[in-house]
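Residue-level structural notes
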Amino acid sequence: MTETITISKQDIRKLTVAQLKEWLGQHGEQAFRAKQIAEWLWKKSATSFDEMSNLSLKTRQLLSEHFDIRAISNAKSQKSNDGTVKSAFKLHDGHLIEGVLIPADDRMTACVSSQVGCSLTCKFCATGYMDRKRNLDAAEMYDQVVAIDRQAKENFNVPLTNIVYMGMGEPLLNYANVLESIEKITSPEGLGMSPKRITVSTAGIAKMIKKLGDDEVKFNLALSLHAANDVKRNQIMPINESNSLENLAEALQYFYGKTKNRITFEYIVFNNFNDTLQDAKELWEFTKKVPAKVNIIEYNPIAEADFKNTGVDKLEQFARFLESKGVIVNVRRSRGKDIDAACGQLANREKNA
């Protein structure tokens, strides 16, 4: 019996333009084709070599013999009554991740994932109950933005205006790939979006926040805070045990000193856990450490945890206290309550289907 040998192709989006030029030269092709190919991949978001109409058939066939374009595909989407669209995207190796389109009157936001699963085990997050399988590469994050932009245009006839890295995973534990994806999304040779329209959200890894400062990034930084004292934060976010609030405050001050970008603190108000006026006072004290605004977020409950959203009166009282102290406060109402909107829910459901 003859054994079939499978030769795996290389993902072409892993190559730089310089590497593409070198490869083309080695295969008798003109070097300027590299720029054309890169434009198809990153500006026009091509998912097959057949789309590259300004390349000869011979060149396209050569590329397809040696390379793949490992684009993500949509495994399932759910649309909420409020317009939110949640998608489970399938990767080339079969793993599932999530992306969400969040429409609002003044913006159209894509929430994208940076990892398959997560290693941080935050107690209130569905993704925290999944193992981390692997990091996403830059192209897989770029593809989510392209797919969700398409959904925005199809459903609302409006393109994306904002991107938040707030989906599955901890972006700062996939640092190089996240920054490369943002470069592809913001570059004039890519999607050309403004970095000021992009926010990277972290659970709080002090040394990587400082690295963002050293790299003088242009995008926005958000810290998932959810408690402004170490005892409570340790209970719900184990990462705090090695990255205390004092260490995070120092890192955020360093980041602000390098970038002059105001920090966003994300604060989910859990019923009878972090929703008292004392909690609000502690949060106010923490906001004084670095120029910041606060997003108070309603909670989407998950089956794995007993946390519940606080009552409307307590949430409003909490927000009013902060505003009375001069803090910029936005209350982010829970979206997609009628679908698997909490981070990790849909991917978990599809994986176990």
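Numbering of residues starts from 1 in every chain and runs along the sequence as written. Totals for whole chains, interfaces and linings use all residues, but because this is a predicted model, local features are given only for residues with pLDDT of at least 70 and pairs of side-chain atoms are given and counted only at 80 or more. For the side-chain quantities, the full set of heavy atoms in the structure was used; hydrogens and water were omitted.

**Points about the overall build of the protein chain**
Strands here are runs of E lasting at least two residues and helices are runs of H or I lasting at least four, both read from the DSSP assignment and numbered beginning at the N terminus. Within the protein chain, the secondary structure is distributed over 11 helices and 14 strands. Radius of gyration: C-alpha atoms only; globule rule: 2.2 Å multiplied by the number of residues to the exponent 0.38. Relative to a compact globule of 353 residues, whose C-alpha radius of gyration would be 20 Å, the protein chain shows 22 Å and is just as compact. Dimensions of the protein chain, computed from C-alpha atoms along their principal axes, come out at roughly 70 × 45 × 45 Å. Note on classification: 1.4 Å probe, protein chains only; a residue is buried when its accessible area is under 20% of the maximum for its type, exposed when over 50%, partly exposed between these limits. When the 353 residues of the protein chain are sorted by exposure, 53% land in the buried category.

**Digging into the domain arrangement of the protein chain**
The domain limits used here are those given by an automatic or database domain assignment. What the domain assignment lists for the protein chain is domain 1 (10–68) and domain 2 (73–339). The gap between the C-alpha centroids of domain 1 and domain 2 is 35 Å. If you look at the interface, domain 1 gives 7 residues, while domain 2 gives 10 residues. Both faces combined, the contact of domain 1 with domain 2 buries some 780 Å², and carbon together with sulfur accounts for 46% of it. Throughout, a residue-residue contact means that at least one pair of heavy atoms, one from each residue, lies within 4.5 Å. By buried area we mean how much accessible surface two parts lose on assembly, using a 1.4 Å probe and totalling the loss over both.

**Examining the UniProt feature "active site" (unreviewed entry) in the protein chain**
UniProt positions are given in the numbering used here, feature names are shortened, and annotations may be inferred rather than shown by experiment. In the numbering used here, UniProt assigns the feature "active site" (unreviewed entry) to Glu-98 and Cys-343. The residue Glu-98 is located in strand β5 (residues 96–103) in this model. Overall, Glu-98 belongs to the buried group, its relative accessible area being 3%. In this structure the side chain of Glu-98 is engaged in a polar contact, spanning 2.9 Å, whose partner is the side chain of Lys-86. Whenever a nitrogen or oxygen atom comes within 3.5 Å of another N or O atom, the pair is scored as a polar contact, on the condition that within protein one atom can donate a hydrogen and the other can accept it, and that pairs from neighbouring residues in sequence are kept only if both atoms are in side chains.

**Thoughts on the sheet that holds strand β4 (residues 85–90)**
Note on pairing: DSSP must find at least two bridges between two strands before they are called paired. Strand order in the open sheet made by the 10 strands is β3-β4-β5-β6-β9-β10-β11-β12-β13-β14, with mixed pairing throughout. Bordering the open sheet on either side are β3 (73–79) and β14 (328–332), each of which pairs with just one other strand. Ignoring strand direction, the axes of neighbouring strands in this sheet form an average angle of 20 degrees. The angle between two axes is taken between their N-to-C directions and runs from 0 to 180 degrees, where each axis is a line fitted to C-alpha atoms and a helix contributes only its stretch in contact.

**Considerations on the confidence of the model for the protein chain**
Do not read the predicted coordinates in detail wherever pLDDT is low. The pLDDT value expresses, per residue, how confident the predictor is, ranging between 0 and 100. A residue-level look at the protein chain finds 92% of positions with pLDDT of 70 or above and a mean pLDDT of 92. Confidence drops under pLDDT 50 across residues 1–5; counting only partners more than four residues distant or on other chains, this segment forms 0 contacts. Segment residues 348–353: pLDDT under 50, and 8 contacts once partners within four positions in sequence are set aside and those in other chains are kept.

**Quick notes on the nonpolar core**
By nonpolar core we mean a set of buried residues, namely Ala, Val, Leu, Ile, Met, Phe, Trp, Tyr and Cys, connected to one another through side-chain atoms within 4.5 Å. Formed by 103 residues in total, the largest nonpolar core has its most connected members in Tyr-165, Phe-265 and Leu-322. Broken down by element, this core gets its largest block of residues, 8 residues, from helix α4 (residues 138–156). Both of domain 1 (10–68) and domain 2 (73–339) provide at least three residues apiece to this core. Dropping the residues within four chain positions of it, Leu-322 is found in contact with Ala-280, Leu-283, Trp-284, Val-294, Ile-296, Val-327 and Val-329.

**Some details on the pairing of strand β11 (residues 220–224)**
Judged by how many residues are buried, β11 sits mostly within the fold: 4 of 5 residues are covered. In this structure, strand β10 (residues 198–202) lies alongside β11, joined through 4 bridges in parallel fashion. In the strand pairing of β11, Ser-201 is matched with Ala-222. When the strands point away from the viewer and the path from the first strand over the helix to the second turns clockwise, the crossover is right-handed. Each parallel crossover has a hand, and the one from β10 via helix α6 (residues 206–214) to β11 is right-handed. Note: β11 against strand β12 (residues 263–268), 3 bridges, orientation parallel. Counted as the bridge partner of Ser-224 is Glu-266 from β12.

**Quick word on the side chain of Gln-115**
With respect to the helices and strands, the residue Gln-115 is situated in strand β7 (residues 115–116). Judged by relative accessible area, Gln-115 falls into the buried class, the value being 1%. At 2.8 Å, the side chain of Gln-115 forms a polar contact with the side chain of Asn-135. Among residues more than four places away in sequence, those in contact with Gln-115 are Ile-97, Arg-132, Arg-134, Asn-135, Leu-136, Met-168, Gly-169, Glu-170, Leu-173 and Asn-174.

**Brief notes about the packing of α6 against helix α8 (residues 245–259)**
Packing of α6 against α8 brings their axes to within 8 Å, and their N-to-C directions diverge by 5 degrees. The pairing of α6 with α8 is recorded here as roughly parallel in orientation. Between α6 and α8, the residues in contact are Ala-206, Ile-209, Lys-210, Leu-212, Gly-213 and Asp-214 and Asn-247, Leu-248, Glu-250, Ala-251, Leu-252, Tyr-254, Phe-255, Lys-258 and Thr-259, respectively. Taken together, the residues of the contact of α6 with α8 sort by class into 8 nonpolar, 3 polar and 4 charged. Here roughly perpendicular refers to angles of 65 to 115 degrees, roughly parallel to angles under 35, roughly antiparallel to angles over 145, and oblique to all remaining angles. Classification convention: Asp, Glu, Lys, Arg as charged; Ala, Val, Leu, Ile, Met, Phe, Trp, Tyr, Cys, Pro as nonpolar; all other residues, Gly among them, as polar.

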